[in-house]
Amino acid sequence: MRAAVALILIGAADAGCYDYMACGQCPEGCVWCPYDLICAPENNVPTGSSLYLSGYTAITCDADDYVDECPERDDPLPDPYYEAAAWYLEAIRAPEAWAAGYTGSGVQILVNDNGVDNNHPDLSKLDTSASCSSYAPHGNDAHGTACASLALASSNSEAGVGVAYNSGLASCTMMGDDAVTGLSFLTYKYDKNDISSNSWGIDQCDYIDSSTSCPFDCPNVGSNWCPCAACDGDDWSSRDLSQGCENTVVDYCYYFFEDDVDACLELDHYFVQCGFGQLSSTAHDVLEDGVKNGRGGKGMVLVFAAGNEFRKGDDVNYEGYLNSRFTISVGSVGQDLKHARYSSSGAPVFISAPGGDWENYHLIFAAKPLSMNAPDDCGDSGAGTSYAAPLVSGVVALMLEANSDLGWRDVQGVLAATASRPHEDSEDEWETNQAGVKHSYKYGFGVVDAYEAVMTAKSWSNWGSEITLVTSTSTNSVIEDCCGNWVESTSVEFGSHDFVIESVSVYVTIEHPRRGDLRIELERDGVVSLLTDDKLERGTRYTHHKYTTLRHWGERADQGAFTLRVADMREGSGDDDDLGQDTSFYYYDDDGDDDGILVSWTLQLYGHDADLSTPWTPQPTPQAVGCDRVEVDGFEYQPADGIYGRAGECEGVAMYEDNGIYLWWMDSYWYIGNDPCQDDYAAAYVYDDNADLVNLMGTWTEYQGSPGWRANADVVATCRVDTPAPTPATPEPTPEPSPEPTYSPTTPQPSPAPSTPAPSPSPTH
């Protein structure tokens, strides 16, 4: 306890010792513990117990482990802070790749972030001609500089070193001050930039109210932290807890998640609303252009951080950038190479890399902008998947140096084939598919291995062109309300033995009074992919909603039929009379009619032909049935004549709009009116069980005021299709990070002093 008290009283001079993460830089008057990279004041050395009580539960240094002379080291590079970066560089076997002759020469990485400080000696090689008009950070924006240094900081006897230290660098400031507009930054200058590294996300997962019953054990806290005590007097079964009780539950699960994992995960059904963000047509087109036309047609490689919302219950399938087959979503591991507690999981997670975790005293070492005046312009930069992603980007640069002919899908193939699996614990849900490929929701295919990746890349035989198989299944099956009564729908079997699967997309259309009650899975031959858990997502339907899984990677298309399973996991929460209405911000009273409908689902396989001697005709990505515009004429009473443009979808079928009047299809009828996607109020309707405006033959019925509903054979709706297709009417807005962005699971600048509670997983009081 004396040591703990002393630590609380550390002064400015003492704190100066803690800023340094390499023995050779540890100043006079300080001592060094090599096990945890701690530089401490010689007259105030922390004990192991004091550090442990401050939350650093993986600590190994005790007071008698500190030395005043640096131990001998045999580092592969002369950079003075290599020691601080060694744990993550060696975990991914970067030094072995360097020894084999690969350092990223001739490859350029584009870092999309809040700017890169090219005045830093490790990043002065920034290519402004290949960067956006805004590329530098503002003020103390440090995130982009840190990410760039992890991927490619130069080896120059200054500060640290990146994975691909001879790679080129470009930068686009796409968030923060002076951010570029639009989405072109995603694949900017893909003729010069080979890799797009993205450590940002649009966080659509927030805490909401309601709960169930007190499930907490609270093994390591007193009554002031335990929700069962703090919420005494609240009716847990009411789903209407007091604000103070809700705040206590949120705080407890934030700080003590590891103590009550099951209880906190159960509560995410009631405290988490996940946004299920889909990728817009504009964003999809930008990514597609990059992989098709970047690098001279071989494809720009797109790397994305998977996000830091695991403890909130988030899933990478809830974000369109992460479940796109064009991108490599990267999870995070700690120093023990186990899943980092914050790293978002899901069936589209591709691979993992070190990102740090809070039980260690120091997290990820990286460069800092000169404006911060940090010692030697580098230091502890926190933890997150933000830092795992640029490490993978650096490995990809090494691979492209080894084999510049790799296509973007070949890069994915090499990474999947060479990832390591340091841990295969049962809670990590590893699944072995029919091809013998293992995948985990937490790790993807495993931890990136730079040496194996470059060695495999050297002799890799490129896959042929991307091919696809697609089938659609209509079911109209009733989803019974509560509690786990599965509705199953099996697709037709594919007969293509030479089709090797890379990724699988599932497009689901479901009507339900509260779609967040639903758990959706895809299964084939015992291999199960959880597409979405029951997360209380607000809204009443999924319309052609896309999910992705990588769990069938390497399988053949003809190895069995796929089965979609849907179950309502909670009782009540709406009624069928509300289907199709806007319940984004409220729900109607429960009248006991809470069933839903699995309307249809579309299955699409992406992959390559194992036998390139056979011709292949790929099928297009499923799109909503529709026209580019619809010309309507002939109304007698309603002001509905006009030219209707595309305006979204209803039930997977294109919807149209003209000056606030909509044309939509649902339940075997076309409707015209002001309130779309419902069948209670309309100005006109016509029967059409095929949802086919091109061959529409029926007579419209028009509401004509006091005479009521009258048939009107003069009404004609003409489908028009343009060639080429028009540009989407609504451009994608510039992405903005949420108030708690994906890249910041910890405080941006955690204090180096071990007494500071901010980076600790538990409070000190």
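Quick note: structure is the one above.
Residues numbered from 1 in each chain as written. Predicted model: local features only at pLDDT ≥ 70, side-chain atom pairs only at ≥ 80, totals over all residues. Heavy atoms only, no water.

A. Examining helix α10 (residues 281-293) more closely. Taking 1.5 Å of rise per residue, the 13 residues of α10 would be expected to cover 18 Å, and the 18 Å separating its terminal C-alpha atoms lies within 8% of that figure. Within the sequence span of α10, burial applies to A283, V286, L287, G290 and V291. Buried residues in α10, looked at end-on, bunch into an arc of 125 degrees, giving them a common side. In this fold, the buried residues of α10 make contact with β8 (301-305), β9 (327-333) and α12 (408-418). Trailing α10 by a residue or two, R295 shows a phi angle of about 50 degrees, which is positive. (Helix = DSSP H or I, 4+ residues; strand = E, 2+ residues; numbered from the N terminus. Expected span 1.5 Å × (residues − 1). Buried < 20%, exposed > 50% of the residue type's maximum accessible area, 1.4 Å probe, protein only. Arc of directions from axis to C-beta. Contact = heavy atoms within 4.5 Å.)

B. Quick peek at the packing of helix α11 (residues 385-402) against α12. In the contact formed by α11 and α12, the axes pass within 11 Å of each other and the chain directions differ by 110 degrees. In terms of orientation, α11 and α12 fall into the roughly perpendicular class. Counting all contacts with α11, which are made through V392, V395, V396, M399 and L400, the residues of α12 involved are V411, V414 and L415. Along the lines of polarity and charge, the residues of the contact of α11 with α12 split into eight nonpolar, no polar and no charged. (Axes fitted to C-alpha atoms, helices over the stretch in contact; angles between N-to-C directions. Parallel < 35°, antiparallel > 145°, perpendicular 65-115°, else oblique. Nonpolar A, V, L, I, M, F, W, Y, C, P; charged D, E, K, R; others polar.)

C. Local environment of the sheet that holds strand β27 (residues 669-673). If you walk across this open sheet you meet the nine strands as β30-β29-β28-β27-β26-β25-β24-β23-β31, and the pairing is antiparallel. Single-partner strands in this sheet number two, and they are β30 (709-712) and β31 (716-720). Strand-to-strand twist of the sheet, defined as the mean angle between neighbouring strand axes without regard to direction, takes the value 25 degrees. Strand direction decides the pairing type here: strand β23 (residues 629-633) and strand β24 (residues 642-650), joined by four bridges, are antiparallel. Opposite E631, over in β24, you have I643 as the bridge partner. (Pairing = 2+ DSSP bridges.)

D. Broad picture of empty space enclosed by the protein. Using the criterion set out here, one finds seven cavities of 30 Å³ or more in the structure. Of the voids in this model, the largest cavity is the one considered here, and its volume is about 120 Å³. Sort the elements by how many residues they give to the lining of the largest cavity and α12 lands first, with three residues. Residue classes in the lining of the largest cavity are distributed as seven nonpolar, seven polar and four charged. (1 Å grid on protein atoms, 1.4 Å probe; cavity = no way out; pocket = protein on both sides within 12 Å on 5 of 7 lines; lining within 4 Å. Points joined across faces, edges and corners; volume = space filled by probe spheres on them.)

E. Local environment of the pairing of strand β28 (residues 684-687). Judged by which residues are buried, β28 turns out to be one-sided: A684 and V686 face inward and are buried, whereas Y685 and Y687, on the alternate face, are not. Relative to β28, β27 runs antiparallel, the two being bridged by four bridges. The residue of β28 that forms the bridge with W670 is V686. In this structure, β28 lies alongside strand β29 (residues 700-703), joined through two bridges in antiparallel fashion. In the strand pairing of β29, Y685 is matched with T701.

F. Structural view of α11. The end-to-end C-alpha distance of α11, which contains 18 residues, comes to 26 Å, matching closely the 26 Å that a straight helix rising 1.5 Å per residue would cover. Burial runs high along α11: 17 of the 18 residues are buried.

G. Representation of the pattern of salt bridges. What the rule picks out here adds up to 22 salt bridges. Here D357 makes a salt bridge to R341, at a shortest N to O gap of 3.2 Å. Of this pair, D357 sits in the loop between β10 (351-354) and β11 (365-367) while R341 sits in the loop between β9 and β10; the two residues are 16 residues apart in sequence, bridging distant segments of the chain. Here D357 and R341 have matching classes, each one buried. When the shortest N-O distance is used, the salt bridge between R565 and E523 registers 3.9 Å. (Salt bridge = Lys/Arg side-chain N within 4 Å of Asp/Glu carboxyl O.)

H. Here's a closer look at unusual backbone geometry. The residue after C482, namely C483, is reached through a cis peptide bond having omega -5 degrees. Structurally, the position occupied by C483 is in the loop between β15 (467-479) and β16 (487-490). The backbone of R295 sits at a positive phi, close to 50 degrees, despite the residue not being glycine. With respect to the helices and strands, the residue R295 is situated in the loop between α10 and β8.

I. Up close: the nonpolar core. M399 and L415 are the most contacted members of the largest nonpolar core, which totals 83 residues. Counting residues per element, this core draws most heavily on α11, which supplies 12 residues. When neighbours within four sequence positions are excluded, M399 is seen to be in contact with L406, V411, V414, L415, A453, V454 and A457. L110, A130, M175 and Y321 belong to the second-largest nonpolar core, a separate cluster that totals 26 residues. (Core = buried A, V, L, I, M, F, W, Y, C linked by side-chain atoms within 4.5 Å.)

J. Seen up close, the pairing of β9. Within β9, seven of the seven residues are buried, leaving the element largely enclosed by the surrounding structure. Alternating positions in β9 separate into two faces, T327, S329, G331 and V333 on one and I328, V330 and S332 on the other, with burial throughout. For β8 and β9, the ladder comprises four bridges, and the chain directions are parallel. Residue pairing across strands places F304 opposite S329, the latter belonging to β9.

K. Fine view of the environment of Y547. Locating Y547 in the fold gives a position in strand β20 (residues 541-549). Taking C-alpha positions, Y547 is 9.9 Å from L603, a pair spaced 56 residues apart along the chain.

L. Region of interest: the state of the cysteines. Within this structure, the stated rule accounts for seven disulfides. Paired by a disulfide, C23 and C70 hold their sulfur atoms 2.1 Å apart. What sets the handedness of the C23 and C70 disulfide is the S-S torsion sign, and at about -100 degrees it is left-handed. One end of the pair, C23, is in the loop between α2 (12-18) and β1 (30-33); the other, C70, is in the loop between α3 (48-53) and α4 (82-91), with 47 residues separating them in the sequence. By relative accessible area, C70 is classed as partly exposed at 42%. The side chain of C218 participates in a disulfide bridge whose partner is C226; the two sulfur atoms lie 2.1 Å from each other. Its S-S torsion of approximately 75 degrees makes the covalent link between C218 and C226 right-handed. Across the pair, exposure class does not vary: C218 and C226 are buried alike. (Disulfide = S-S within 2.5 Å.)

M. Structural context of the packing of aromatic side chains. Taken as a whole, this structure holds 24 aromatic pairs when the rule is applied. Above the face of the Y441 ring, R551 is positioned so that its terminal group lies 3.8 Å from the ring centre. (Phe/Tyr/Trp six-rings, centres within 6.5 Å; stacked < 30°, edge-to-face > 60°. Lys NZ or Arg CZ within 6 Å of the ring centre and 35° of its normal.)

N. Representation of the sheet that holds strand β18 (residues 518-524) in the model. One open sheet holds the four strands; their spatial order is β16-β21-β18-β19, and the pairing between them is antiparallel. In this open sheet, the two strands that pair with only one neighbour each are β16 and β19 (527-532). For this sheet the average axis-to-axis angle between neighbouring strands, irrespective of direction, equals 20 degrees. Bridge count for β18 against β19 is five bridges, and the pairing is antiparallel. The partner of L522 across the bridge, within β19, is S529.

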